[in-house]
Amino acid sequence: MASTAAVRAALKTQRIETPSWAYGNSGTRFKVFAQQGVPRDPFEKLADAAQVHAFTGGAPSVSLHIPWDKVDDYAALAKHAEGLGVRIGAINSNVFQDDDYMLGSVTNPDPRIRRKATDHLLECVDIMDATGSRDLKLWFSDGTNYPGQDDIRARQDRLAEALAEVYTRLTGEQRMILEYKFFEPAFYTTDVPDWGTAYAHCLKLGERAKVVVDTGHHAPGTNIEFIVAFLLREGKLGAFDFNSRFYADDDLMVGAADPFQLFRIMHEVVRGGGLEAATEVAFMLDQCHNIEPKIPGQIRSVMNVQEATAKALLVDADALAAAQQSGDVLGANAVLMDAYNTDVRPLLADLREELGLAADPMAAYAASSYAERIKAERVGGSQAGWGA
Ligand code: PSV
Ligand code: MN
């Protein structure tokens, strides 16, 4: 077993970023259910995110989505976050919710629309300058629905051109992190469908361009931990968008559908040094809480990542290497399963207490009056929602 002191020290350093959109109303194309107390603006979203950090101690930053979180003064928003004990994390661009983007954004055959999309990405970098954010997170819905609809190769050229222009605009520590997704909303081709495509573009762009692995963006059966191992080895794993899927891009709570997969992913993260600050891997949640309360949904998700991380840290690396080296298939597998089957909840509870937090964040949040307070206070105005 890895030494408990080392495991505890590593767990204390892990930071998980929560997404602003998780606090707003969300749903499916069939129905968005409104919940009481939901934030009406980005300031209230940050207040809710601060609760997740206050109870878990592990979620000090919040990703924004532009234009959903558009404000007049981003420096003021960053200051507000700071006052709440959190900070603004990645800036997510949005080039998928405008009528102009029906046939694509940066890959659209129309140069006027490509210009508009690229200008939005550049605007996001301006926002990063104001908020002090390190990461520009790019996800493109671009693709086609029918064979022959557009030139697959030309669309790659257009994508490369836009990415290069935006990459050049980055300064200092800023990074471009590029997310892939195999389908939806495009149903025939997607312009950044997989890690290989994202990786190839990032490789051309340069060192500050890295890949985002959204755990919900793969075909069923895809071995995500292999992708993680490969990208980490190449120094190209920029970030995770954690969530769970049963079918497609379900955006359910991470660790809910397949905690074993999450453990296997975290095992590769630990193996590849991804928990070390120098590798700059960002651990973000990208989830929507359509039917469950949002703040507890985020708290549970942070805890699920912490549990998977703790189990991965408990893997006896020496015993595993020895078993692998000697061809002991069952022995090697047993080393992993021993760690996975360890109940790490007491360890994490103890660690929280050491940090001055409640041992059970879910119970502590429920016992606080925050949920009742926001239900009473946030009356009137219009609630924030995915896409609003
Ligand atoms: C796309 O499905 C995605 O995963 C991207 O990360 C977006 O930024 C996020 O969802 C919210 O639209
Ligand atoms: Mn995502």
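Calculation rules
All residue numbers here refer to positions counted from 1 along the written sequence of the relevant chain. Working convention: letters from A go to chains and numbers from 1 go to ligands, in the order in which they are written. Local features are withheld for residues below a pLDDT of 70 in this predicted model, meaning they are given only at 70 or higher, and side-chain atom pairs are given and counted only at 80 or more; totals for whole chains, interfaces and linings count all residues. To get the side-chain values, all heavy atoms of the structure are used, and hydrogens and water are removed first. Salt bridges are counted wherever a side-chain nitrogen of Lys or Arg sits within 4 Å of a carboxyl oxygen of Asp or Glu. Where helices and strands are cited, they refer to DSSP runs of H or I of at least four residues and of E of at least two residues respectively, numbered from the N terminus. For the exposure calls, accessible area comes from a 1.4 Å probe over protein chains only, and a residue counts as buried if that area is under 20% of its type's maximum, exposed if over 50%, partly exposed in between. Near residues are defined by distance, with any heavy atom within 4 Å of the molecule or strand qualifying the residue. Distance and chemistry together define a polar contact, namely a pair of N or O atoms within 3.5 Å, with one atom able to donate a hydrogen and the other to accept it when in protein, and with adjacent residues in sequence counting only for side-chain atoms on both sides. For each structure, a 1 Å grid was placed over the protein atoms alone; sets of points admitting a 1.4 Å probe that cannot get out are labelled cavities, open sets with protein on both sides within 12 Å along at least five of seven lines are labelled pockets, and lining residues have an atom within 4 Å of a point. Just a note on the criterion: a molecule sits in a pocket or cavity if more than half of its atoms are within 2 Å of the grid points. Under the scheme applied, nonpolar residues are Ala, Val, Leu, Ile, Met, Phe, Trp, Tyr, Cys and Pro; charged residues are Asp, Glu, Lys and Arg; polar residues are all the others, including Gly. Donor selection uses N, O and S atoms within 2.8 Å of the metal (3.2 Å for Na, K and Ca). Since no water is included, sites may look incomplete. Every geometry call rests on angle ranges, with four donors termed tetrahedral when all angles are between 85 and 135 degrees, four termed square planar and six termed octahedral when opposite donors are over 155 degrees apart and all others are between 65 and 115, and everything else termed irregular. Think of it this way: DSSP has to see at least two bridges between two strands before they count as a pair. Note on geometry: axes are lines fitted to C-alpha atoms, helical ones only across the stretch in contact, with angles between N-to-C directions running from 0 to 180 degrees. In what follows, a contact means two residues having at least one pair of non-hydrogen atoms within 4.5 Å. Each angle is binned into one of four classes, with values under 35 degrees roughly parallel, values over 145 roughly antiparallel, values of 65 to 115 roughly perpendicular, and all other values oblique. In this scheme, a crossing is called left-handed if the near helix is turned counterclockwise away from the far one by less than a right angle; it is called right-handed if the turn is clockwise. Grid points are joined across faces, edges and corners, and a volume is the space filled by probe spheres set on the points.

S.K.: Please clarify how the pattern of salt bridges should be interpreted in this entry.
M.R.: Any two side chains of opposite charge can pair if their charged atoms end up close together. Per the counting criterion, the structure on display carries 30 salt bridges. Among the salt bridges present, the one from Arg-8 reaches Asp-350, with a minimum N-O distance of 2.9 Å. Of this pair, Arg-8 sits in helix α1 (residues 4–13) while Asp-350 is found in helix α12 (residues 345–354), placing the two residues 342 residues apart along the sequence. Under the relative-accessibility criterion, Arg-8 is labelled buried at 17%. When the shortest N-O distance is used, the salt bridge between Asp-100 and Lys-116 registers 2.8 Å. Taken together, the residues Asp-100 in the loop between β3 (87–92) and α4 (111–131) and Lys-116 in helix α4 connect sequence positions 16 residues apart. Residue classification places Lys-116 among the partly exposed positions, given a relative accessible area of 31%. Through salt bridges with shared partners, a single network forms among Arg-134, Asp-135, Arg-175, Arg-208 and Glu-280.

S.K.: I tried to follow the site of ligand 1 on my own but got confused; where do I start?
M.R.: In the vicinity of ligand 1 there are 14 residues, among which Glu-179, Asp-214, Asp-241, Asp-249 and Asp-286 approach most closely. Asn-92 places a side-chain nitrogen or oxygen 3.3 Å from an oxygen atom of ligand 1. Among the cavities detected, the one that contains ligand 1 is the largest pocket. A breakdown of the residues in the shell around ligand 1 according to their chemical character gives 4 nonpolar, 3 polar and 7 charged.

S.K.: Would you take a moment to explain the coordination of the manganese ion (ligand 2) for this structure?
M.R.: Angles at a metal have ideal values that depend on geometry: 109.5 degrees with four tetrahedral donors, 90 or 180 degrees with six octahedral donors. Every protein donor of the manganese ion (ligand 2) is listed here as Glu-179 (OE), Asp-214 (OD), Asp-241 (OD) and Asp-286 (OD), and their distances to the metal cover 2.1 to 2.2 Å. With 6 donor atoms in place around the manganese ion (ligand 2) and angles of 72 to 163° between them, the coordination shape is octahedral. Of note, the manganese ion (ligand 2) draws all its donor residues from one chain, in the sequence arrangement E-x34-D-x26-D-x44-D. Of this pair, Glu-179 sits in strand β6 (residues 175–179) while Asp-286 sits in the loop between β10 (282–285) and α9 (294–314), and the two are 107 residues apart along the sequence. Each member of the pair, Glu-179 as well as Asp-286, carries the same accessibility label: buried.

S.K.: Just checking my understanding: could you explain the sheet that holds strand β8 (residues 209–214) for this structure?
M.R.: Either a parallel or an antiparallel arrangement is found when strands of a sheet pair, and the pairing is made through backbone hydrogen bonds. Ordered by their spatial adjacency, 8 strands build a closed barrel running β1-β2-β3-β4-β6-β8-β9-β10, and the pairing between neighbours is parallel. Across the sheet, the mean angle separating the axes of adjacent strands is 30° when strand polarity is ignored. For strand β1 (residues 16–19) and β10, the ladder comprises 2 bridges, and the chain directions are parallel. By the bridge assignment for β10, Glu-17 is matched with Met-284. Packed on one face of the sheet, α9 meets β1, β9 (237–242) and β10 and runs near 150° to β1.

S.K.: Sorry if this is basic, but what is going on with the packing of α4 against helix α5 (residues 152–169) here?
M.R.: For any two helices packed against each other, one specifies the inter-axial angle together with the distance between the axes. Orientation of α4 relative to α5, taken along the N-to-C sense of each, is 25°, at an axis distance of 10 Å. Judged on the interaxial angle alone, α5 and α4 are roughly parallel. Considering the relative orientation of α4 and α5, their crossing is right-handed. Along its contact with α4, which presents Arg-114, Arg-115, Thr-118, Leu-121, Leu-122, Val-125, Asp-126 and Asp-129, the element α5 presents Arg-158, Ala-162, Glu-165, Val-166 and Arg-169.

S.K.: Explain the layout of surface pockets here, please?
M.R.: Using a probe with the size of a water molecule, rolled over the atoms, empty space left in the structure can be pinpointed. Of the pockets and cavities examined, the largest pocket occupies roughly 1000 Å³. What lines the largest pocket is a set of 34 residues, among which Lys-181, Glu-184, Asp-249, Asp-251 and Trp-386 lie closest to the centre. A class-by-class count of the residues in the lining of the largest pocket yields 12 nonpolar, 11 polar and 11 charged. Here the second largest pocket is characterised by a volume of approximately 510 Å³. The wall of the second largest pocket is formed by 25 residues, among which Arg-15, Arg-87, Arg-134, Val-281 and Ala-282 lie closest to the centre. For the lining of the second largest pocket, the leading source of residues is β3, giving 4 residues. Grouping the amino acids of the lining of the second largest pocket by side-chain chemistry returns 10 nonpolar, 8 polar and 7 charged.

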